[in-house]
Amino acid sequence: MSKILAIDTSTVAASAAILDDDNILGEEYTAYKLKHSEKLLPLIKHLLEDVRLSLNDIDYFAVGSGPGSFTGLRIAASTVKAFAHAMDKPIVSVSSLFACAENLKGMNDVICIIFDAQRNDAYYNIFINKDNKLTPLYSDSIININDLVDKLEGYERVLFAGDGVNKYKDKIKERVSDKAIFADNYNLLPKASGVAKISKGYIEEDINIYSYDNYLPNYIRPSAAEEQRLKKK
């Protein structure tokens, strides 16, 4: 049996979970607007204490690799890289969009996850739920919200989740009001338990596994600061 410590800080929410075989031993989640740098490590410490484990007991460190908040992704990356280095254990990289869809598995046949990417854009993917298995239709990418709604017009009913819902809900309802449904607040944002469950499958398939020195988050596009720096070259 492998024990997996999973974390996600790709949105305003921060969470940590421990999976032992098929069982979630515990999960800590908060969407309170503290900095991730302030809340992630105490959250992990409390979780480990609750389940009577230490970092030495963990076999894999799984991380929501983005896309999402640049700062959140950097904090999650630095945390798992430090743990993996200190414990000499591997890192499992999981799409934060996929982890968010995992919350909703079985609730609808078509699930669209949107994270706010600013400038009327969204980080997105669309997932098809069949036989209680989620399949992403695309690679995680960025899209103008109007173009995304155009993509979804062929579906009868679409369940939306992600922090982009708060920003784009009215626009989506305006275009596809009779087809769009929205996740409740409890399932709106990604959770570490979803990261953990998906990572178990990756470990079994021996994919998306990295060492501390070759793991990188999936930012998709450079930050605004990086774009400004590139423009000045």
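Basis of the calculations
Residues numbered from 1 in each chain as written. Predicted model: local features only at pLDDT ≥ 70, side-chain atom pairs only at ≥ 80, totals over all residues. Heavy atoms only, no water. Salt bridge = Lys/Arg side-chain N within 4 Å of Asp/Glu carboxyl O. Helix = DSSP H or I, 4+ residues; strand = E, 2+ residues; numbered from the N terminus. Buried < 20%, exposed > 50% of the residue type's maximum accessible area, 1.4 Å probe, protein only. Phe/Tyr/Trp six-rings, centres within 6.5 Å; stacked < 30°, edge-to-face > 60°. Lys NZ or Arg CZ within 6 Å of the ring centre and 35° of its normal. Expected span 1.5 Å × (residues − 1). Axes fitted to C-alpha atoms, helices over the stretch in contact; angles between N-to-C directions. Left-handed = near helix turned anticlockwise from the far one by under 90°. Contact = heavy atoms within 4.5 Å. Core = buried A, V, L, I, M, F, W, Y, C linked by side-chain atoms within 4.5 Å.

## Quick notes on the pattern of salt bridges
Consideration 1: For the coordinates displayed, the defined rule picks out nine salt bridges.
Consideration 2: Put simply, D20 and K3 hold a salt bridge, and the shortest N to O gap is 3.9 Å. Pair noted here: D20 is in strand β2 (residues 14-20) and K3 is in strand β1 (residues 3-8), with a separation of 17 residues, a long-range link.
Consideration 3: The class of K3 is partly exposed, set by a relative accessible area of 21%.
Consideration 4: Measuring nitrogen to oxygen at the nearest pair gives 2.7 Å for the salt bridge that ties E204 to K200. In this pair, E204 and K200 both sit in helix α6 (residues 192-205), four residues apart, roughly one turn of the helix.

## Points about the packing of aromatic side chains
Consideration 1: A complete count under the given rule lists six aromatic pairs for this structure.
Consideration 2: Across the ring face of Y29, the terminal group of K191 is positioned such that the distance to the ring centre comes to 5.2 Å.
Consideration 3: Directly above the ring of Y186 sits K191, whose terminal nitrogen or CZ lies 4.1 Å from the centroid.

## A look at helix α2 (residues 70-87)
Consideration 1: Spanning 18 residues, α2 covers 26 Å between terminal C-alpha atoms, matching the ideal 26 Å at 1.5 Å per step.
Consideration 2: Within α2 the residues assigned to the buried category are F70, G72, L73, I75, A76, A77, T79, V80, F83 and A84.

## Quick notes on the packing of helix α1 (residues 36-50) against α2
Consideration 1: Running from N to C, α1 and α2 cross one another at 35°; their axes reach a closest spacing of 10 Å. Remark: the crossing between α1 and α2 carries right-handed chirality. Listed contacts from α2 to H36, S37, L40, L41 and I44 of α1 are G72, I75, T79 and F83.

## With respect to the environment of I145
Consideration 1: Relative to the assigned elements, I145 resides in helix α4 (residues 145-151).
Consideration 2: On the basis of relative accessible area, I145 is assigned to the buried category, the value being 0%.
Consideration 3: Once residues lying within four places of it in the same chain are set aside, the contact partners of I145 are I114, N120, Y168 and K171.

## Quick look at the nonpolar core
Consideration 1: One finds I113, I114, L148 and F160 to be the most contacted residues of the largest nonpolar core, which totals 52 residues.
Consideration 2: When near neighbours in sequence (up to four residues on either side) are disregarded, L148 contacts C112, I114, Y124, I126 and I143.
Consideration 3: A16, A76, V80 and Y215 belong to the second largest nonpolar core, which has 23 residues in total.

## Some details on the side chain of D121
Consideration 1: Within the secondary structure, D121 is located in strand β7 (residues 121-130).
Consideration 2: Excluding anything up to four places from it in sequence, D121 contacts F115, D116, I142, I143, N144, Y168 and R221.

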